Amino acid sequence: MHKARDSALRTLAAAAFLLRDLSRRRIALLLLFIVPALFDGVVLATTASREVEVTLGSLVEPGAQIRTPEQSAVDPFDTSLDDDGSRRLDERRLSLVFLGAAAVCFLACFLAFNLVHKRREADARLVLAGFRAYEVLLAKVAVLLVLVALLASYETAILRPWVVPRQTALVIAGLFLGGLTYGCLGLLVGTVAKHELEGIFVIVLLTNVDVGWLQNPIYFAHSQSTATIRALPGYGAAQLAVVGAFTGDAPHGVLLRAGLWAGGTLASALVAFGSLITPPRADRSESARLRGHYARVLGVAYLLWFVAFEAVGRFAAGLRTVDLTSAWDRALPLVPAFVWPYEACYALPVLSLLVVRDWHRFNVAILAILVANVSAFAVYVTLPVAFARPDLGAGLSERVLALEYAADFHPGANKLPSMHVAMSWIMVRAMWGQATSRVVDAGLAALLVLLTVAPVLVKQHLVVDVAIAVPWGLGAYWAAGKWYRWIVGEGESAPDGLVRAFAPWRRFE
Amino acid sequence: MSAILAAEDVHKRYGWRRVLRGTSFEGHPGQLVAILGENGSGKSTLLRILAGAEGLDRGRVSCLGTMGYCPQEQAVYPYLTVEEHLELFARAYRLAAPVARASAERLLERFDLGPWRREVVQELSGGTRQKLNLAISLLHDPAVVLLDEPYAGFDLASYRAFVAWADEAKRGGKCVVLIAHLVLESERFDAIYNLVGGKLHAQGS
């Protein structure tokens, strides 16, 4: 109890000092009051007061409550009853609200950037001196929340002479969530940017393109790709502010989306900044240190693989495809329950972090995955395979499988050979014999069987994809092993070996 | 006497560059130790590893007492005053309020920071900032003090104040390890090491 109280007091004290540190930066305070007023002044001076037709994208989203109760009573799933989100609004008042959201996002981003940039070393020192990392993080978040709340309230207040919102709470919620999202992006930029100028450049670019330009409802109405605009972080803030200001609608979908953006960016900022200020654990064993190192390697490898796989798939899906469905594929039934072992494949590399003890083997597996994928990509673009998927029911497994189908490339790509199967064989090969207990090997063997048959039984792959993927994976592992042993000398540490295997022409200084 | 600070077979690599290659070190109570080396030889990296501010690739580091670390870069908040820094870091060190106040007053006086106690860091000269940087690391009266170029930017009077503090710390049984490019009064040191090729080489005292 005492510990929690002390921790809370330390967090509050840190927050008070951080707020004091930020508030003494005159330019920050000046911007806080001047930018919203300046934006509003420019709008009032330059925008005509006339009616324009705009599209409020949030009103045509799932979850948007835009029907009369009578309409909902008729058929809640009949989309023909929905409106198209178009409204006629006063251009000047609309611009005031839309640019008000932009001002809040820009300022939140800039102030949050200042909250961490040039203070990273001091924050890390504070943690080294005895503050817990989470106390410093909570203090930063507390300051950010205060700033964003202040900004959202101030902006709503200065809009009032021209725009009396129909739903003030929704306007404030939109400005707050947008400010929080962009504040967290500011924390992220402040964490990674080396110099102040490059950080500010990123902030100006980011806020200008998203909330200052693309989220303008007038622009949105005529955009060719509203999906892209909806996917941006400022969408929620702009939509909630405009809908709250001018309509009585309750767009739950966009509220949820804005909340998810705020939560997601907050989590990312906390992880990034937290890892920067958290000192390494001194009592970590050699094996724990290596495991941590390879967890980071795995994260980067996973990300790179995902980007490359998506890029190749999207390109190949646009090519002319062939259907290689055989009599065996027609004879094999759809077994939706196999979607679970199918999904387990994604966790296999994480499992390998716990099982592998010889990290040179892990290096070979990473190399093998590279070899298997690069060679497979060549096949994907020369022989794109597509085939018909079965209809799915409403069970839980089928719903999960439906998500897989929806996320897949259309009409089809990246099928032959199955990377799901090839990578499973590579990872199990790397783990084989590494655990002290034979039971683990037996479990791995059983899992491998399930992972091999699952893609066919959930109709994500054809028999031929899987039949070729097994030797593909094992062959890649064999070739990677040969290469690795040739390049990496005896006695070389595993982390050094991985670096050398990828760039053998370079030498350690 | 057993070592209060020890590093054993420490390895550290940044990308392709191996900075430390099996560095070992021992610091004892009442010792004043200097680590010298060329620019980029890994002195600051070694000190950061000893302080626990940076991870190592291989090896072991242990410290048996409270530690104070003064980094090379002035790790301070630009718009907090000198006094506020000492107050904030006293909370980090979990010092009771009267102890914190007494310690802060002692350091303000010793390093002649009194006239600037209510000035924000941004308004201070480089040398005064460095004195604050140093004072923060000494606030909790640590048994082991790691100082990375502690007197960079000091004027003569400040340098003398530092030397007086170092002598006193040594007599008081502290282990002081400092990094410098140049050691003017080598007779004050119990050991001087050169960091060359990722390893420490003793010069003797």
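Basis of the calculations
Residues numbered from 1 in each chain as written. Chains lettered and ligands numbered in written order. Predicted model: local features only at pLDDT ≥ 70, side-chain atom pairs only at ≥ 80, totals over all residues. Helix = DSSP H or I, 4+ residues; strand = E, 2+ residues; numbered from the N terminus. Contact = placed C-beta atoms within 7 Å. Rg over C-alpha atoms; globule rule 2.2 N^0.38 Å. Pairing = 2+ DSSP bridges. Axes fitted to C-alpha atoms, helices over the stretch in contact; angles between N-to-C directions. Domains from an automatic or database assignment. Expected span 1.5 Å × (residues − 1). Buried ≥ 20, exposed ≤ 12 C-beta atoms within 10 Å, placed from the backbone. Nonpolar A, V, L, I, M, F, W, Y, C, P; charged D, E, K, R; others polar. Parallel < 35°, antiparallel > 145°, perpendicular 65-115°, else oblique. Left-handed = near helix turned anticlockwise from the far one by under 90°. Core = buried A, V, L, I, M, F, W, Y, C linked by C-beta atoms within 7 Å. Bend = angle between axes of the 7 residues up to and from the residue.

### Considerations on the overall build of chain A
No. 1: For chain A, the helix and strand inventory stands at 22 helices and 4 strands.
No. 2: Along the three orthogonal principal directions, the C-alpha set of chain A runs to about 75 × 65 × 50 Å.
No. 3: A fraction of 85% describes how many contacts in chain A between residues 6 or more apart in sequence connect residues 24 or more apart.

### Remarks on the overall build of chain B
No. 1: Along the backbone of chain B there are 5 helices and 9 strands.
No. 2: In chain B, the succession of α and β elements from N to C terminus is β-β-β-α-β-β-α-α-α-β-α-β-β-β.
No. 3: For 205 residues, the compact-globule formula gives about 17 Å, and the C-alpha radius of gyration of chain B, at 17 Å, lands near that figure.
No. 4: Counting only C-alpha atoms, chain B reaches 45 × 35 × 35 Å along its principal axes.

### Quick look at the sheet that holds strand β6 (residues 144-148) of chain B
Residue and element names in this part refer to chain B.
No. 1: Judged by pairing direction, the sheet is mixed, and its 6 strands sit side by side in the order β5-β6-β7-β3-β8-β9 without closing on themselves. Lying at the two open borders of the sheet, with one neighbouring strand each, are β5 (67-70) and β9 (199-202). When strand polarity is set aside, the average angle formed by the axes of neighbouring strands in this sheet is 20°.
No. 2: Here helix α1 (residues 43-51) sits on the sheet and contacts β3 (32-36), β5, β6, β7 (175-179) and β8 (191-196); the angle it forms with β6, its principal contact strand, is near 150°.

### Section: the domain arrangement of chain A
Interfaces are frequently sized by the accessible area removed from exposure as the parts join.
No. 1: By domain assignment, chain A separates into domain 1 (2-277) and domain 2 (286-502).
No. 2: One C-alpha centre belongs to domain 1 of chain A, the other to domain 2 of chain A, and the line joining them spans 39 Å.

### Overview of helix α19 (residues 419-431) of chain A
Because an α-helix completes one turn every 3.6 residues, residues spaced three or four positions apart along the sequence face the same direction.
Residue and element names in this part refer to chain A.
No. 1: Its 13 residues place the ends of α19 18 Å apart at the C-alpha level, agreeing with the 18 Å of an ideal helix rising 1.5 Å per residue.
No. 2: In terms of burial, α19 is largely enclosed, as 13 of its 13 residues are buried.
No. 3: Looking one or two residues past α19, Gly 433 carries a phi angle of roughly 80°, positive in sign.

### With respect to unusual backbone geometry
No. 1: Looking along the chain, the bond that leaves His 410 of chain A and enters Pro 411 of chain A is cis, with omega of 5°.
No. 2: The omega torsion across Leu 416 of chain A and Pro 417 of chain A is 0°, close enough to zero to call that bond cis.
No. 3: Mapped onto the elements, Pro 417 of chain A comes out in the loop between α18 (396-407) and α19.
No. 4: Of note in the backbone geometry, Asp 9 of chain B takes a positive phi value of approximately 50° without being a glycine.
No. 5: Looking at the element boundaries, Asp 9 of chain B is found in strand β1 (residues 5-14).

### Observations concerning the interface of chain B and chain A
No. 1: Across the boundary between the two partners, chain B contributes 28 residues, which contact 26 residues of chain A.
No. 2: Among the secondary structure elements, those contributing two or more residues to the side of chain B that touches chain A are β2 (17-27), β4 (58-63) and α2 (82-92) of chain B.
No. 3: Per-element accounting of the side of chain B that touches chain A gives the leading share, 5 residues, to α2 of chain B.
No. 4: Among the residues making up the side of chain B that touches chain A, the classes are represented as 17 nonpolar, 2 polar and 9 charged.

### Comments concerning the pairing of β1 of chain B
Residue and element names in this part refer to chain B.
No. 1: Pairing of β1 with β2 involves 8 bridges; the strand directions are antiparallel. Each bridged residue has a counterpart across the sheet, and for Leu 5 the counterpart in β2 is Gly 27.
No. 2: Between the end of β1 and the start of β2, which pair antiparallel, lie 2 residues, with Gly 15 showing a positive phi angle near 60°.
No. 3: Direction of pairing for β1 relative to β4: antiparallel, over a ladder of 5 bridges. Opposite Glu 8, over in β4, you have Arg 60 as the bridge partner.

### Points about the packing of helix α4 (residues 91-116) of chain A against helix α6 (residues 133-159) of chain A
Residue and element names in this part refer to chain A.
No. 1: Contact geometry of α4 with α6 gives a least axis separation of 10 Å together with a crossing angle of 155°. One way to sum up the angle between α4 and α6 is to call them roughly antiparallel. The interaxial crossing formed by α4 with α6 has right-handed handedness. Residues Leu 96, Val 97, Gly 100, Ala 103, Val 104, Leu 107, Ala 108, Leu 111, Ala 112, Leu 115 and Val 116 of α4 touch α6, and the partners they reach there are Lys 140, Val 143, Leu 144, Leu 147, Val 148, Leu 151, Ala 152, Glu 155 and Leu 159.
No. 2: A breakdown of the residues in the contact of α4 with α6 according to their chemical character gives 17 nonpolar, 1 polar and 2 charged.

### Looking at the pairing of β9 of chain B
No. 1: Of the strand pairs in this sheet, β8 of chain B and β9 of chain B are connected by 4 bridges, and their pairing is antiparallel. Residue Val 196 of chain B lies in a different strand from β9 of chain B, and its bridge partner there is Lys 199 of chain B.

### Description of the nonpolar core
All names here are of chain A.
No. 1: In this structure, Ala 101 and Ala 108 are the most contacted members of the largest nonpolar core, which totals 151 residues.
No. 2: At 20 residues, α4 tops the list of elements feeding residues into this core.
No. 3: Residues Leu 367, Trp 425, Trp 472 and Ala 476 belong to the second largest nonpolar core, which totals 51 residues.

### A word on helix α8 (residues 196-214) of chain A
All names here are of chain A.
No. 1: Across its 19 residues, α8 extends 26 Å between first and last C-alpha, which sits within 8% of the 27 Å expected from 1.5 Å per residue.
No. 2: In α8, a bend of some 35° at Asn 208 exceeds every other bend along the element.
No. 3: On the buried face of α8, the contacting elements are α4, α7 (168-192), α9 (217-221), α10 (226-230) and α11 (235-246).

### Overview of the sheet that holds β2 of chain B
Residue and element names in this part refer to chain B.
No. 1: Here we have 3 strands laid out as an open sheet, ordered β2-β1-β4, and antiparallel in their pairing. The strands lining the two open edges of the sheet, one partner per strand, are β2 and β4. Going from strand to strand, the sheet's axes swing by 20° on average, the running direction of each strand aside.
No. 2: Contacts between α1 and the sheet are confined to β1, β2 and β4, with β1 contributing the most and set at about 125° to the helix.

### Quick look at the packing of helix α17 (residues 359-382) of chain A against α19 of chain A
All names here are of chain A.
No. 1: Where α17 contacts α19, the axes come no closer than 9 Å and their chain directions differ by 165°. By the angle between their directions, the pair α17 and α19 is classed as roughly antiparallel. The chirality of how α17 crosses α19 is right-handed. Packed against α17, whose contacting residues are Arg 361, Phe 362, Val 364, Ala 365, Ala 368, Ile 369, Ala 372, Asn 373 and Ala 376, the element α19 presents Met 419, Ala 422, Met 423, Ile 426, Met 427 and Ala 430 at the interface.

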